[in-house]
Amino acid sequence: MASLALKTFVGLRQTSPESHHSAASFKPISTHRRLRVVAGKFSPKVTGRNLRVAVVGGGPAGGAAAETLAKGGIETFLIERKLDNCKPCGGAIPLCMVGEFDLPLDIIDRRVTKMKMISPSNVAVDIGKTLKPHEYIGMVRREVLDAYLRDRAAESGATVINGLFLKMDMPETSNAPYVLHYTGYNVKTGGAGEKRTLEVDAVIGADGANSRVAKAINAGDYEYAIAFQERIKIPDEKMQYYENLAEMYVGDDVSPDFYGWVFPKCDHVAVGTGTVTHKGDIKKFQSATRLRAQEKILGGKIIRVEAHPIPEHPRPRRLSDRVALVGDAAGYVTKCSGEGIYFAAKSGRMCAEAIVEGSENGKRMVEENDLRKYLERWDKTYWPTYKVLDVLQKVFYRSNPAREAFVEMCADEYVQKMTFDSYLYKRVAPGNPLEDLKLAVNTIGSLVRANALRREMEKLST
Ligand SMILES: Cc1cc2nc3c(=O)[nH]c(=O)nc-3n(C[C@H](O)[C@H](O)[C@H](O)COP(=O)(O)OP(=O)(O)OC[C@H]3O[C@@H](n4cnc5c(N)ncnc54)[C@H](O)[C@@H]3O)c2cc1C
């Protein structure tokens, strides 16, 4: 979740109903570069069975992909190495995900309606004043959300395999199968079981940041942040403060390029931070985050410590022949905010839809061009957001004075309204031109003050 205010600006230029992020190396797939010839499909019909697709990884990306495939008439296999996986994650999801993915309300631990943005000098700005009574940020436990989505895929007809994907053999001819190698899970011993193979026509790589599917197609690497999080059980009276409130801390102490957070969970809080540029100092940043929240989490007991990479931008290649990457495997986490759950589920679903459509509900073989439609739609919808977030991160996360200016800006009700609209719904209602102008002037004012302050601080330190 996070730099909500940054998303305001993204939203201002958005016309499509969703949003997202980017990086310098990321080149969108052009939707204009080829002349599209509309004709009947030439790919062969699949006979005696339906198209077979394997989804590797059962997080939000994999669960959503498998459900859509199975509902669309595809013979679907979902391979997940750990069915009780508890992904290290803040677990914040936008309101639109609850509706779009038809999530039952009982899997949402907390409904956050208040967000405190806390500046390097500990100035706290309350965000959330503009929320309507039914609006909130959902807080989920990943073991609950992921299991729910996987179970729903299974109910729709997907075969869920508890196994560790190892590698795959590429097809030698155009319509030959991919052969996936995996180790099954031995229920009796609770350890690795037999080595097995699975033949499929297409593969969706939803196996997260360390994706083996990405390696198999030489998808290339991405820059990543390391995120560190501690789950802390705090006394009940302290927990009341976090009942429906999340906190975000910015400053050089908590992270040179990210933010620190305290998110409420069912019966504890998740305290964490991340960084791309100073990974070796992550524990120091974590201590600083804990220190900043000290009074509010006093008497707390750490019940779990976790760390995981967060992709900073999409991989150089996200598609090869009949294999496509989705979610973190593709690199779809919003820059500077670290939001990835919604985008993972959304990309999984979009990729699966392209396969269902291209295969005419599993009756025909798919080709690279069918899967490419998913990338074209994805990039068209989200690429501008990636770009804008890149720029905004550079403007507001570069120094403590700039962060002070950023927090100051968040106090503006118009900023808050646009921010929440863009975060909660992945769309933005048309802005008010007068308010937009006022916001631009205020932003420039804040930045000028930030720059002046920085110059003064530099003078003091020389
Ligand atoms: C500390 C932290 C906090 C975060 N907080 C938030 C937040 O508050 N909100 C938000 O929106 N995003 C957050 N994110 C980002 C979010 O967690 C990811 O973007 C999201 O989980 C991506 O989903 P995914 O399905 O693509 O991948 P994952 O959730 O990583 O799922 C991949 C799945 O693949 C399985 N797998 C991997 N390899 C194999 C294999 N070889 N064989 C079989 N299975 C395999 C894994 O067990 C896993 O279940 C956070 C990330 C971190 C690290």
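Everything numeric in this text was worked out from a predicted model, so none of it was measured. (Residues numbered from 1 in each chain as written. Predicted model: local features only at pLDDT ≥ 70, side-chain atom pairs only at ≥ 80, totals over all residues. Heavy atoms only, no water.)

Novice: Pulling in residues and values, what's your account of the packing of aromatic side chains?
Specialist: For the structure shown, the criterion picks out 10 aromatic pairs. Note on F258 and Y259: the rings are 5.1 Å apart at their centroids and 10 degrees apart in plane angle, and the pair reads as stacked. According to the relative accessible area criterion, F258 is buried, its value standing at 3%. Taken together, a centroid distance of 4.1 Å and an interplanar angle of 55 degrees make the contact between W378 and Y382 tilted. Here W378 and its partner Y382 are both found in helix 11 (residues 368-396), four residues apart, which amounts to about one turn of the helix. The ring of Y224 has K279 sitting right over it, with the charged end atom 4.4 Å from the ring centre. The cationic tip of R315 hangs over the ring face of Y222; the distance from NZ or CZ to the ring centre is 4.2 Å. (Phe/Tyr/Trp six-rings, centres within 6.5 Å; stacked < 30°, edge-to-face > 60°. Buried < 20%, exposed > 50% of the residue type's maximum accessible area, 1.4 Å probe, protein only. Helix = DSSP H or I, 4+ residues; strand = E, 2+ residues; numbered from the N terminus. Lys NZ or Arg CZ within 6 Å of the ring centre and 35° of its normal.)

Novice: For the nonpolar core, give the residues involved together with the corresponding values.
Specialist: L180, I355 and Y374 are the most contacted members of the largest nonpolar core, which totals 109 residues. The element best represented in this core is helix 10 (residues 341-358), accounting for 11 residues. Sequence-distant contacts of Y374, that is, excluding residues within four places in its chain, are made with A324, L325, V326, Y332, S347, M350, C351 and A354. Among the nonpolar cores identified, the runner-up in size contains 14 residues, and I232, I234, Y242 and A293 belong to it. (Core = buried A, V, L, I, M, F, W, Y, C linked by side-chain atoms within 4.5 Å. Contact = heavy atoms within 4.5 Å.)

Novice: I'd like a description of the pattern of salt bridges, backed by residues and values.
Specialist: Under the definition given, this model contains 25 salt bridges. Notably, a salt bridge pairs R152 with E67, separated by 3.1 Å at the nearest N-O pair. In this pair, R152 is assigned in helix 4 (residues 142-155) and E67 in helix 2 (residues 60-71), connecting sequence segments 85 residues apart. Bridged by salt links that share partners, the residues E67, K71 and R152 form one connected network. (Salt bridge = Lys/Arg side-chain N within 4 Å of Asp/Glu carboxyl O.)

Novice: Please give an account of the pairing of strand 15 (residues 269-275) that cites residues and values.
Specialist: In terms of burial, strand 15 is largely enclosed, as seven of its seven residues are buried. The two faces of strand 15 match: V269, V271, T273 and T275 on one face and A270, G272 and G274 on the other face are all buried. Pairing of strand 12 (residues 224-233) with strand 15, which is carried by seven bridges, proceeds in the antiparallel orientation. Pairing of I226 across the sheet is with T275, part of strand 15. Two strands pair when backbone bridges link them, and strand 14 (residues 260-264) and strand 15 are joined in this way by four bridges, in the antiparallel orientation. (Pairing = 2+ DSSP bridges.)

Novice: Which residues make up the confidence of the model for the protein chain, and what values go with them?
Specialist: The share of residues in the protein chain with pLDDT of 70 or more is 83%, and the mean pLDDT across the chain is 86. Predicted confidence for residues 1-26 stays below pLDDT 50, and this span has 117 contacts to residues more than four positions away or in other chains. (pLDDT = per-residue confidence, 0-100.)

Novice: Residues and numbers for the site of the ligand, please.
Specialist: Close contacts around the ligand come from 36 residues, with E80, G90, R142, F165 and D328 the closest. Between the ligand and P60, the relevant distance is 3.3 Å, taken from an oxygen atom to a main-chain nitrogen or oxygen of the residue. Across the complex, the protein chains shield 97% of the 1000 Å² of accessible surface that the ligand would expose by itself. If you map the ligand onto the pockets, it falls in the largest pocket. Secondary structure elements with two or more residues in the shell around the ligand: helix 2, strand 2 (75-80), strand 8 (159-169), strand 16 (301-311), helix 9 (327-330) and helix 10. A per-element tally of the shell around the ligand places strand 8 first, with three residues. Its residues assigned to classes, the shell around the ligand shows 16 nonpolar, 12 polar and eight charged. When residues of the shell around the ligand are assigned to domains, at least three fall in each of domain 1 (34-90 + 142-222 + 315-381) and domain 2 (224-311). (Near = heavy atom within 4 Å. Polar contact = N/O pair within 3.5 Å; in protein donor to acceptor, adjacent residues only side chain to side chain. Areas by Shrake-Rupley, 256 points an atom, 1.4 Å probe, with all protein chains shown as cover. 1 Å grid on protein atoms, 1.4 Å probe; cavity = no way out; pocket = protein on both sides within 12 Å on 5 of 7 lines; lining within 4 Å. Sits in = over half its atoms within 2 Å of the grid points. Nonpolar A, V, L, I, M, F, W, Y, C, P; charged D, E, K, R; others polar. Domains from an automatic or database assignment.)

Novice: Kindly report on the sheet that holds strand 4 (residues 110-112), identifying the contributing residues and their values.
Specialist: Backbone-to-backbone hydrogen bonds join strands into a sheet, with any given pair of strands oriented parallel or antiparallel. With antiparallel pairing, three strands are arranged side by side in an open sheet as 3-7-4. Since the sheet does not close on itself, it has two edges, and those belong to strand 3 (92-93) and strand 4, each with one partner. In this sheet, strand 7 (residues 137-139) lies alongside strand 3 in antiparallel orientation, the contact comprising two bridges. Bridging across to strand 7, A92 finds its partner in M139.

Novice: How would you explain the sheet that holds strand 18 (residues 323-325) if you had to name every residue and give the values?
Specialist: Read across the open sheet, the eight strands follow the order 10-9-8-2-1-11-18-17; overall the sheet is mixed. Of all the strands in the sheet, just strand 10 (191-200) and strand 17 (319-320) have a single pairing partner and so form its edges. Here strand 8 pairs with strand 9 (residues 178-186) via six bridges, running antiparallel. When the sheet's bridge partners are listed, G163 is paired in strand 9 with G184.

Novice: Mind laying out empty space enclosed by the protein, listing which residues take part and the relevant values?
Specialist: Evaluated as defined, the whole model comprises one cavity of 30 Å³ or more. Approximately 30 Å³ is the volume attributed to the largest cavity. As for the largest cavity, its lining consists of T130, K132, E135, K417, F420 and D421. For the lining of the largest cavity, the class distribution of residues is one nonpolar, one polar and four charged. (Points joined across faces, edges and corners; volume = space filled by probe spheres on them.)

Novice: So what's going on with the pairing of strand 14? Which residues, and what values?
Specialist: In terms of burial, strand 14 is a largely internal element, five of the five residues being buried. Side chains G260, V262 and P264 of strand 14 all project onto a buried face; the interleaved residues W261 and F263 project onto the opposite face, where all are buried too. Counting the residues in the hairpin turn of strand 14 and strand 15 gives four residues.

Novice: Which residues make up the state of the cysteines, and what values go with them?
Specialist: Using the criterion set out here, one finds zero disulfides in the structure. In this structure C86 is not part of a disulfide, and its nearest cysteine sulfur, from C89, lies 9.6 Å away. Looking at C86, the relative accessible area reads 13%, which means it is buried. (Disulfide = S-S within 2.5 Å.)

Novice: Can you lay out the layout of surface pockets for me, pointing to particular residues and giving the numbers?
Specialist: Summary: where empty space remains is shown by rolling a probe the size of a single water molecule over the atoms. In this model, the largest pocket occupies a volume close to 950 Å³. Taken together, 50 residues line the largest pocket, and the ones lying closest to its centre are K87, G208, A209, H308 and D328. Tallied by class, the residues present in the lining of the largest pocket amount to 23 nonpolar, 17 polar and 10 charged.

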